[in-house]
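Summary of structural features
Residue strings, one per chain:
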Amino acid sequence: MRMVRKRIAAAMAALALTGALAACGGKNENAAEQETAVASQDLVIRATNWQFDKAEYTVPKDTPIRYMLENEQGAHGVEIEKAGVKLSNGKKSKVATLAAGTYTIKCNIVCGQGHLAMKATLIVK
Ligand SMILES: [Cu+2]
């Protein structure tokens, strides 16, 4: 009995370790590479000179989301930092499944005087 319990404990510890490694090994670039994954929802980020249409966007964690950029004015790009997501105007992104957290959305095209201020927050929860 005791041996069995020990084995179970060891197995659980190994599982926990694997989970921890997977969680912190995440540059999350893999997430964005799931091109064929079916997105359960789309998030559209709209940009004008020099702001995004929202200060905060919220999406559910661990859920495949397809991110899109629509420029309504000017020429902007989007990078979601630490999420491996880069968006070009009008193109659908790859699908990204993100862990819970707060990510910075920023413009990644030098687009004029307000460029550096073009930031928003993505809340994944
Ligand atoms: Cu810009």
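To start, this report covers the structure provided alongside it. (Residues numbered from 1 in each chain as written. Predicted model: local features only at pLDDT ≥ 70, side-chain atom pairs only at ≥ 80, totals over all residues. Heavy atoms only, no water.)

**Side note on the environment of G101**
Inspection of the secondary structure assignment puts G101 in strand β8 (residues 101-106). The partly exposed category is assigned to G101, whose relative accessible area is 25%. When the C-alpha atoms of G101 and L122 are compared, they prove to be 8.3 Å apart, with 21 residues separating the residues in sequence. Excluding residues within four positions of it along the chain, G101 makes contact with L122, I123 and V124. (Helix = DSSP H or I, 4+ residues; strand = E, 2+ residues; numbered from the N terminus. Buried < 20%, exposed > 50% of the residue type's maximum accessible area, 1.4 Å probe, protein only. Contact = heavy atoms within 4.5 Å.)

**Observations regarding the coordination of the copper ion**
Protein coordination of the copper ion is provided by C107 (SG), I109 (O), C111 (SG) and H115 (ND1), with donor distances spanning 1.9 to 2.3 Å. Around the copper ion sit four donor atoms; with metal-centred angles ranging over 87 to 121 degrees, the donor geometry is tetrahedral. (Donors = N, O, S within 2.8 Å, 3.2 Å for Na, K, Ca; no water. Tetrahedral: all angles 85-135°; square planar, octahedral: opposite > 155°, others 65-115°.)

**As for the pattern of salt bridges**
Should the charged atoms of two oppositely charged side chains come close, the side chains can pair. By the definition in use, this model includes three salt bridges. The partner of E70 in a salt bridge is R46, with the nearest N and O atoms 3.4 Å apart. Taken together, the positions of E70 in strand β4 (residues 64-71) and R46 in strand β1 (residues 41-48) put the pair 24 residues apart, joining distant regions of the chain. When the shortest N-O distance is used, the salt bridge between E81 and K106 registers 3.0 Å. Of this pair, E81 sits in the loop between β5 (78-80) and β6 (85-87) while K106 sits in strand β8, and the two are 25 residues apart along the sequence. Classification of E81 as partly exposed rests on a relative accessible area of 27%. One salt-bridge network, held together by shared partners, links R46, E70 and E72. (Salt bridge = Lys/Arg side-chain N within 4 Å of Asp/Glu carboxyl O.)

**Some points on the sheet that holds β1**
If you trace the four strands from one edge of the open sheet to the other, you get β2-β1-β4-β7, paired in mixed fashion. Since the sheet does not close on itself, it has two edges, and those belong to β2 (51-52) and β7 (92-97), each with one partner. Relative to β4, β1 is paired through seven bridges, and the arrangement is parallel. Bridge pairing links D42 to R66 in β4. (Pairing = 2+ DSSP bridges.)

**Points about the nonpolar core**
Core analysis: the biggest nonpolar cluster contains 24 residues, and F52, Y67, I80, I105 and L122 have the highest contact counts within it. Elements supplying a minimum of two residues to this core: β1, β3 (56-59), β4, β5, β6, β8 and β9 (119-124). Those residues in contact with I105 that sit more than four places away from it in its chain are I45, F52, Y57, V78, E79, I80, M118, K119, A120, T121 and L122. (Core = buried A, V, L, I, M, F, W, Y, C linked by side-chain atoms within 4.5 Å.)

**Topic: the sheet that holds β8**
Pairing is mixed in the open sheet, where five strands are placed in the order β3-β9-β8-β5-β6. Edge positions in the sheet fall to β3 and β6, since each has one partner strand and no second. Going from strand to strand, the sheet's axes swing by 20 degrees on average, the running direction of each strand aside. Looking at chain direction, β3 and β9 are connected through four bridges and run parallel. (Axes fitted to C-alpha atoms, helices over the stretch in contact; angles between N-to-C directions.)

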